[in-house]
Amino acid sequence: GDSVTQMEGPVTLSEEAFLTINCTYTATGYPSLFWYVQYPGEGLQLLLKATKADDKGSNKGFEATYRKETTSFHLEKGSVQVSDSAVYFCALTGNAGKSTFGDGTTLTVKP
Amino acid sequence: GAVVSQHPSRVICKSGTSVKIECRSLDFQATTMFWYRQFPKQSLMLMATSNEGSKATYEQGVEKDKFLINHASLTLSTLTVTSAHPEDSSFYICSAKTSGVNTEAFFGQGTRLTVV
């Protein structure tokens, strides 16, 4: 079946540091790829998405590129802020509409 | 994007009672909806696939008699946690799948259930 492997956390960075959270996947067909963010006690928020190979999703300074050759969708941000502290989930959605999530990576940004 | 509304967002219930959670697609019809569960500090796991007009398909290890799913219309699926116990306390989230060429799943806001 489909699977998503996400970089283990937690990740602790200083403000304005560069962020990378690795994500790789296995899937049949051509899934869409997503990054979601979850703040403490809240639901999932879609951060960005890419629906086909070589697409780049971007939002709020975060970026991720759908790399079919390496089956990866790594999340990056050039300069993190304290407000970016949250749990980040990489996920894929297959053609049937089912979503498979990574284990989540907790990011803490210190001032 | 399309909007999926989930209600309630939080619920506290007594052990032994039942709780119903609604998932509505507000601006599109969804023949298929999905229910996920997230335990504290864990990822989301698919519980079941809800199909309009037919029985839900449950993932292995999910008790169908405990988690009743009804998908009576193209815009509404409900999840009823029957005879809830403290170990059922969790975050439940639904998604609804659009139809057509570029199908996509949209998530509700989630429901935090606490059983006391």
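The sections below set out a description of the structure shown in this document. Note that the structure is predicted; figures quoted are calculated from it, not measured.

1. Section: the overall build of chain A
- Within chain A, the secondary structure is distributed over zero helices and twelve strands.
- N-terminal to C-terminal, the α/β element order of chain A is β-β-β-β-β-β-β-β-β-β-β-β.
- Projected onto its principal axes, the C-alpha positions of chain A cover 45 × 30 × 20 Å.
- Summarising the internal contacts of chain A: among those between residues at least 6 apart in sequence, 55% fall at separations of at least 24.
- Carbon and sulfur atoms make up 48% of the accessible area of chain A, which totals about 5400 Å².
- A gap of 6 Å separates the mean positions of the 9 positive and 12 negative side-chain charges of chain A.

2. Some words on the state of the cysteines
All names here are of chain B.
- Applying the stated rule across the entire model yields two disulfides over all chains.
- In this model, Cys 23 is linked to Cys 94 through a disulfide, with the two sulfur atoms separated by 2.0 Å. Residues Cys 23 and Cys 94 are joined through a disulfide that is right-handed, its torsion about the S-S bond being 80 degrees. Of this pair, Cys 23 sits in strand β3 (residues 19-25) while Cys 94 is found in strand β9 (residues 90-97), placing the two residues 71 residues apart along the sequence.
- When its relative accessible area of 0% is taken as the criterion, Cys 23 is described as buried.
- Relative accessible area serves as the criterion here: at 0%, Cys 94 is assigned to the buried category.
- The thiol of Cys 13 is not disulfide-bonded; the next cysteine sulfur, from Cys 94, is found 18 Å away.
- Taking relative accessible area as the criterion, Cys 13 reaches 8% and is therefore assigned buried.

3. Let's talk about the environment of Thr 111 of chain B
- On the secondary structure map, Thr 111 of chain B appears in strand β11 (residues 111-115).
- A distance of 3.1 Å separates polar atoms of two side chains, one belonging to Thr 111 of chain B and the other to Gln 6 of chain B.

4. Description of the packing of aromatic side chains
- Under the defined criterion, the tally for this structure stands at eleven aromatic pairs over all chains.
- Judged by centre distance (5.3 Å) and plane angle (80 degrees), the ring pair of Tyr 36 of chain A and Phe 107 of chain B falls under edge-to-face. One end of the pair, Tyr 36 of chain A, is in strand β5 (residues 32-38); the other, Phe 107 of chain B, is in strand β10 (residues 105-107), on a second chain. Phe 107 of chain B carries the same exposure label as Tyr 36 of chain A, and that label is buried.

5. Topic: the layout of surface pockets
- The computed volume of the largest pocket comes to approximately 460 Å³.
- In terms of lining, the largest pocket is formed by 18 residues, of which the most central are Gln 38 and Val 87 of chain A together with Pro 40, Lys 41 and Gln 42 of chain B.
- Looking at side-chain class alone, the lining of the largest pocket contains seven nonpolar, seven polar and four charged residues.

6. Side note on the interface of chain A and chain B
- Each side of the interface is counted separately: chain A has 18 residues, and chain B has 19 residues.
- Summing both partners gives a buried area of about 1400 Å² for chain A against chain B, and 53% of it is carried by carbon and sulfur.
- Area buried by chain A at its contact with chain B is led by Leu 44, Lys 98 and Phe 101 of chain A, which between them contribute 30% of it.
- Where chain A packs against chain B, one counts one salt bridge.
- One salt bridge connects Lys 98 of chain A with Glu 59 of chain B, and the closest N-O pair in it is separated by 3.8 Å.
- Linking chain A to chain B there are four residue pairs in polar contact (both at pLDDT 80 or more).
- At the level of elements, β5, β6 (44-50), β10 (86-93) and β11 (99-101) of chain A are the ones that each hand at least two residues to the side of chain A that touches chain B.
- Among the elements that line the side of chain A that touches chain B, the one with the most residues is β5 of chain A, at three residues.
- The class makeup of the residues in the side of chain A that touches chain B is six nonpolar, eight polar and four charged.

Definitions and cut-offs
- Residues numbered from 1 in each chain as written.
- Chains lettered and ligands numbered in written order.
- Predicted model: local features only at pLDDT ≥ 70, side-chain atom pairs only at ≥ 80, totals over all residues.
- Heavy atoms only, no water.
- Helix = DSSP H or I, 4+ residues; strand = E, 2+ residues; numbered from the N terminus.
- Contact = heavy atoms within 4.5 Å.
- Areas by Shrake-Rupley, 256 points an atom, 1.4 Å probe, with all protein chains shown as cover.
- Lys, Arg positive; Asp, Glu negative; His and termini not counted.
- Charge placed at Lys NZ, Arg CZ, Asp CG, Glu CD.
- Disulfide = S-S within 2.5 Å.
- Buried < 20%, exposed > 50% of the residue type's maximum accessible area, 1.4 Å probe, protein only.
- Polar contact = N/O pair within 3.5 Å; in protein donor to acceptor, adjacent residues only side chain to side chain.
- Phe/Tyr/Trp six-rings, centres within 6.5 Å; stacked < 30°, edge-to-face > 60°.
- 1 Å grid on protein atoms, 1.4 Å probe; cavity = no way out; pocket = protein on both sides within 12 Å on 5 of 7 lines; lining within 4 Å.
- Points joined across faces, edges and corners; volume = space filled by probe spheres on them.
- Nonpolar A, V, L, I, M, F, W, Y, C, P; charged D, E, K, R; others polar.
- Buried area = accessible area lost by both parts, 1.4 Å probe.
- Salt bridge = Lys/Arg side-chain N within 4 Å of Asp/Glu carboxyl O.

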